[in-house]
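The lines below spell out each chain.
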Amino acid sequence: MAKILIPTALRQFTEEKDAVDVNGGTVAEALTQLTAQYPNIKKNLFNDQGRLRSFVNVYVNDEDIRYLDKDATKLEGTETISIVPSIAGGAIGVAEPAAVSLSNEEIARYSRHLLLPEVGMEGQLKLKQAKVALIGAGGLGAPLGLYLAAAGIGRIGVVDFDVVDSSNLQRQVIHGTSDIGRKKLDSAADRMRDINPNVRIDKFDTGLTSENALEILKDYDIVVDGTDNFPTRYLVNDACVLLKKPNVYGSIFRFEGQATVFAYEDGPCYRCLYPEPPPPGLVPSCAEGGVLGILPGAIGVIQATETVKLILGVGETLKGRLLLYDALNMRFRELKLRRDRNCPVCGDHPTVTKLIDYQEFCGIRPTPPQAAAPIGDVIDVTEVKQKLDRGDSFVLIDVREPYEYQIARIPGAKLIPLGELPKRLSELDRDADTVMHCRSGARSQKAVDLLKQNGFKHVRNMTGGILAWSDKVDPSVPKY
Amino acid sequence: MIQIEPNPWQTMVLHAERTYPNECCGAMLGRVSGDQKVVTDAVPLANAYLGEQGERYELRPEDLLEADKAARSRGLDLIGIFHSHPDCDAYFSQTDLQNSCPWYSFVVLSIQRGKFDHANSFLPDLEQTRADEEELIWPKS
């Protein structure tokens with residue numbers, strides 16, 4: 001009698017026996033005996049055509065019968081027969097694009113898409129096979145992540161290194177109050193998975209840099225730019241041109257937004273529109289200038305729409321058109337854009353053929369703030385507090401804007417907005433002990449420099465600004 | 001529902017993190033009662049895929065046979081297979097599905113930048129056409 005060892009998972013079909021004795025001159029006969037004795041095991045080993053299932057391997061002693069005489073392998077009656085599944089897998093499916101189809105769950109989920117002739121089954125399968133890189137999980141990234149996941153994009157790569165802060169929640173609706181302190185990447189991925197578990201999400205916990213951009217973006221069909229700064233915007237643009245991938249662009253500021261599609265077919269790129277970055281500090285970021293919370297919703301949804309249209313290949317895209325949105329007056333306008341033949345990246349004779357240092361390109365020096373402010377020119381918030389408490393004779397100047405002063409202030413500070421400072425120098429005493437402060441310490445450093453150039457001798461910058469004041473001195477002062 | 005005890009869980013995560021950026025694989029041993037599975041032992045196994053292992057794995061049948069024997073000798077069942085997806089979601093890919101076996105729970109660990117991120121468990125069907133997600137409980141700490 002030969003002995004068939006039963007894998008633990010199949011013992012439920014053999015009355016929990018771990019081995020079954022069989023007669024039979026061949027492996028086929030032995031297995032037939034096994035299935036005759038325990039009929040329920042049959043469908044686990046054989047398919048409807050009566051062939052061994054593809055994942056079932058049969059071993060006689062230590063030999064795979066595929067390398068013997070298959071199921072005609074002869075048995076003498078002393079052998080041990082083992083049933084061993086073959087198991088493999090992998091994150092990337094080599095056969096994936098060809099094998100793509102919609103499950104019943106997906107058909108129900110996407111039924112409103114399937115009803116649209118412009119989408120239909122064919123379009124929904126295109127969406128499922130599409131790979132979209134989303135740069136940033138912030139203001140624009142929030143609506144983008146939500147809608148692209150819901151639309152059934154097969155694979156979404158999200159690049160972000162930031163952490164959810166309470167000041168994000170006014171607009172970054174993919175994150176919730178309970179996510180404060182979590183990585184935006186984790187918070188966004190959880191929400192996207194909850195909306196649509198069919199979407200594969202690749203998380204890149206990093207900033208996009210010249211070193212990693214091509215490597216990260218090369219696997220995706222479309223890049224959606226949800227960044228908030230110029231160096232990354234130029235980086236995304238150049239990487240997209242070099243990789244020949246469309247760049248779905250959006251940007252927001254206060255009440256106004258822009259959107260278009262760059263680097264698509266014969267259309268222009270970001271550099272055709274803006275060959276040079278603005279001088280650093282000229283265009284405030286959302287953190288400095290503020291932004292209507294709903295604005296990124298509107299612009300991000302336009303970007304998501306363009307992304308889906310690019311994948312489906314339907315309608316007219318924003319290629320060659322810069323859409324301008326003014327939320328305050330609720331107006332949309334359009335500017336025509338053309339590819340610049342002399343563009344350094346996408347022109348006829350490009351001079352930028354690999355990624356460069358975009359911080360440097362945008363005039364941002366990587367020098368740490370300590371180096372910019374020599375020791376002796378700075379003062380800590382706690383020391384300022386001591387001076388105030390002691391009644392020291394000194395002047396504390398707040399260089400923020402009046403509306404910021406309304407949100408939070410330090411008692412005893414005199415408000416002179418940075419922009420007014422040059423023409424109000426006469427109000428100040430050049431020999432007085434003077435401390436400048438703003439929100440975080442950046443603008444007040446400029447004010448310190450200005451005063452020094454004008455002959456002020458004892459002027460210092462309060463490091464960390466009113467934010468540090470709130471952290472270290474008086475938590476009742478709100479942070480904004 | 002499949003529950004993984006702290007010791008085997010530590011073994012699995014360590015194996016996955018150490019194998020990063022390649023995919024790791026291994027067997028899970030434990031006890032089954034009805035739909036409730038408890039993993040008490042994890043056995044790291046070699047990735048036998050010939051080629052780039054960053055996105056593929058393959059189990060040697062001999063190793064699986066050994067794992068099954070090990071389970072028997074400890075009075076346990078071989079109840080599942082685990083593998084990792086480096087820098088990728090813990091989903092059940094078409095490759096996973098087409099090379100799966102319905103006798104086991106398949107636990108996929110997502111390793112992001114070398115660190116464990118999240119995991120899911122799947123139950124593939126006989127025809128290798130679909131896999132249902134199975135509730136997975138691992139020690140959170």
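Residues numbered from 1 in each chain as written. Chains lettered and ligands numbered in written order. Predicted model: local features only at pLDDT ≥ 70, side-chain atom pairs only at ≥ 80, totals over all residues.

Some remarks on the overall build of chain A
Stated formally: Elements are defined by DSSP. Helices are runs of H or I of four residues or more, strands are runs of E of two residues or more, and each kind is numbered from the N terminus. The exposure label follows from counting other C-beta atoms within 10 Å of a residue's C-beta, where the C-beta atoms are placed from the backbone and the thresholds are 20 or more for buried and 12 or fewer for exposed, leaving partly exposed in between. Residue pairs are scored as contacts if the distance between their C-beta atoms, which are placed from the backbone, is within 7 Å.
On a plain count of helices and strands, chain A comes out with 19 helices and 19 strands. Relative to its 480 residues, chain A shows a buried fraction of 38%. In chain A, of all internal contacts separated by at least 6 residues, the share reaching a separation of at least 24 is 65%.

Notes on the overall build of chain B
Across its full length, chain B carries three helices and nine strands. Secondary structure elements of chain B occur, N-terminal to C-terminal, as β-α-β-β-β-α-β-α-β-β-β-β. Among the 141 residues that make up chain B, the fraction classed as buried is 52%. Partitioning the contacts of chain B with sequence separation of at least 6, the portion at a separation of at least 24 is 60%.

What to know about the sheet that holds strand β10 (residues 222-225) of chain A
All names here are of chain A. Which entries qualify depends on this criterion: Strands qualify as paired when DSSP identifies two bridges or more between them. Fitting a line to C-alpha atoms yields each axis, with helices limited to the stretch in contact; the angle taken between N-to-C directions then spans 0 to 180 degrees.
Taken in spatial order, the eight strands of this open sheet run β9-β8-β7-β10-β11-β12-β13-β14, and their pairing is mixed. The strands lining the two open edges of the sheet, one partner per strand, are β9 (200-204) and β14 (331-336). The sheet shows a mean angle of 15° between the axes of neighbouring strands, direction not considered. Pairing geometry for β10 and strand β11 (residues 247-253), over three bridges, is parallel. The residue of β11 that forms the bridge with Val223 is Asn247. Where helix α8 (residues 184-195) meets the sheet, it contacts β8 (155-159) and β9, and its direction lies at approximately 175° from that of β9.

Some remarks on the interface of chain B and chain A
Here is the rule we go by: Classes in brief: Ala, Val, Leu, Ile, Met, Phe, Trp, Tyr, Cys and Pro nonpolar; Asp, Glu, Lys and Arg charged; the others, Gly included, polar.
Counting residues at the interface gives 37 residues for chain B, matched by 32 residues for chain A. At the level of elements, β4 (57-58), α2 (61-73), β5 (77-86) and α3 (94-98) of chain B are the ones that each hand at least two residues to the side of chain B that touches chain A. Each residue belonging to the side of chain B that touches chain A can be placed in one class, and the counts come to 16 nonpolar, nine polar and twelve charged. Taken together, the two bridges between strand β6 (residues 88-89) of chain A and β4(B) define a ladder with antiparallel strand orientation.

Points about the packing of helix α6 (residues 120-129) of chain A against helix α13 (residues 295-312) of chain A
All names here are of chain A. How we decide: For classification purposes, an angle smaller than 35 degrees is called roughly parallel, one larger than 145 roughly antiparallel, one from 65 to 115 roughly perpendicular, and anything else oblique. If you view the pair so one helix is near and one far, a crossing is left-handed when the near helix is turned anticlockwise from the far one by less than a right angle, and right-handed when it is turned clockwise.
As a packed pair, α6 and α13 sit with axes 9 Å apart at the nearest point and diverge in direction by 110°. Considered as vectors, α6 and α13 are oriented roughly perpendicular to each other. Pair α6 / α13 crosses with right-handed handedness. Contacts from Gly123, Lys126 and Leu127 of α6 reach α13 at Val308, Ile311 and Leu312. Grouping the amino acids of the contact of α6 with α13 by side-chain chemistry returns four nonpolar, one polar and one charged.

Quick word on the sheet that holds β5(B)
Residue and element names in this part refer to chain B. Spatially, eight strands are ordered β8-β7-β6-β5-β2-β3-β1-β9 in an open sheet, and the strand pairing comes out mixed. Strand pairing shows two members of the sheet lacking a second neighbour, β8 (131-134) and β9 (136-137), which therefore form its edges. With four bridges joining them, strand β7 (residues 115-124) and β8 adopt antiparallel strand pairing. Bridge pairing in β8 places Leu123 opposite Asp132. Seen against the sheet, helix α1 (residues 6-19) touches β1 (2-4), β2 (25-33), β3 (36-45), β5, β6 (105-112) and β7 and runs at an angle of roughly 40° to β3.

Structural notes on the confidence of the model for chain B
Interpretation of the predicted coordinates at a detailed level should be avoided for regions scoring low in pLDDT. Selection criterion: pLDDT gives the predictor's per-residue confidence on a scale running from 0 to 100.
Across chain B, the average pLDDT comes to 91, with 99% of residues at or above 70. Reported confidences for the modelled complex are a pTM of 0.56 and an ipTM of 0.87.

Topic: the nonpolar core
Spelled out, the test is: Each nonpolar core reported here comprises buried Ala, Val, Leu, Ile, Met, Phe, Trp, Tyr and Cys residues connected via C-beta atoms within 7 Å.
Grouped together as the largest cluster of nonpolar side chains are 68 residues, with contacts concentrated most on Val132(A), Ala133(A), Ile153(A), Ile156(A), Val158(A), Val224(A) and Cys269(A). Among residues more than four places away in sequence, those in contact with Val158(A) are Leu134(A), Ala137(A), Gly145(A), Leu185(A), Ala188(A), Ala189(A), Ile201(A), Lys203(A) and Phe204(A). The next biggest cluster of nonpolar side chains, apart from the first, holds 60 residues, and it includes Leu34(A), Leu64(B), Ala119(B) and Leu136(B).

Details of the pairing of strand β3 (residues 56-60) of chain A
Residues and elements named next belong to chain A. With five bridges joining them, β3 and strand β5 (residues 80-85) adopt antiparallel strand pairing. Note on β5: the bridge partner recorded for Val56 is Pro85. Taken together, the two bridges between β3 and strand β4 (residues 63-64) define a ladder with antiparallel strand orientation. Note on β4: the bridge partner recorded for Tyr59 is Asp64. In sequence, β3 turns back onto β4 through a hairpin of two residues, with Asn61 there showing a positive phi of about 50°.

Let's talk about α2(B)
Two residues of an α-helix separated by three or four positions point the same way, owing to the 3.6 residues in each turn. What counts here: Under the convention used throughout, the expected extent of a helix is 1.5 Å for every residue step, that is, one less than its residue count. The directions considered for the arc run from the helix axis to the C-beta atoms.
The first and last C-alpha atoms of α2(B) sit 18 Å apart over 13 residues, in line with the 18 Å expected at 1.5 Å per residue. Within the sequence span of α2(B), burial applies to Leu64(B), Ala67(B), Asp68(B) and Ala71(B). The buried residues of α2(B) occupy one face: seen down the axis, they fall within an arc of 100°. In this structure, the buried side of α2(B) is in contact with β5 of chain A together with β2, β3 and β5 of chain B. Count one or two residues on from α2(B) and you reach Gly75(B), which has phi positive near 70°.

Some thoughts on the packing of helix α7 (residues 141-151) of chain A against α8(A)
Residues and elements named next belong to chain A. Their axes nearest at 8 Å, the elements α7 and α8 cross at an angle of 30°. The pairing of α7 with α8 is recorded here as roughly parallel in orientation. Like other packed secondary-structure pairs, α7 and α8 cross with a definite hand, here right-handed. Of α8, the residues touching α7 (which contributes Gly141, Gly145, Leu146, Ala149 and Ala150) are Ala188, Met192 and Ile195.

So, α8(A)
All names here are of chain A. The end-to-end C-alpha distance of α8, which contains twelve residues, comes to 16 Å, matching closely the 16 Å that a straight helix rising 1.5 Å per residue would cover. Those residues of α8 that fall on the buried side of the exposure criterion are Lys184, Leu185, Asp186, Ser187, Ala188, Ala189 and Met192. Looking at the buried positions of α8, the neighbouring elements they touch are α7, β8 and β9.

Observations concerning the confidence of the model for chain A
Residues and elements named next belong to chain A. Residues with a pLDDT of 70 or more make up 95% of chain A, whose mean pLDDT is 90. Considering only residues more than four positions removed or in separate chains, one finds that residues 94-99, a stretch of pLDDT under 50, has eight contacts. Confidence over residues 367-373 falls short of pLDDT 50; this stretch has five contacts with residues more than four positions distant or in other chains.

A closer look at the environment of Gln303(A)
Summarising the element assignment, Gln303(A) is placed in helix α13. Not counting residues within four places of it along the chain, the set of residues in contact with Gln303(A) comprises Leu140(A), Leu144(A), Val224(A), Val248(A), Gly250(A) and Ala259(A).

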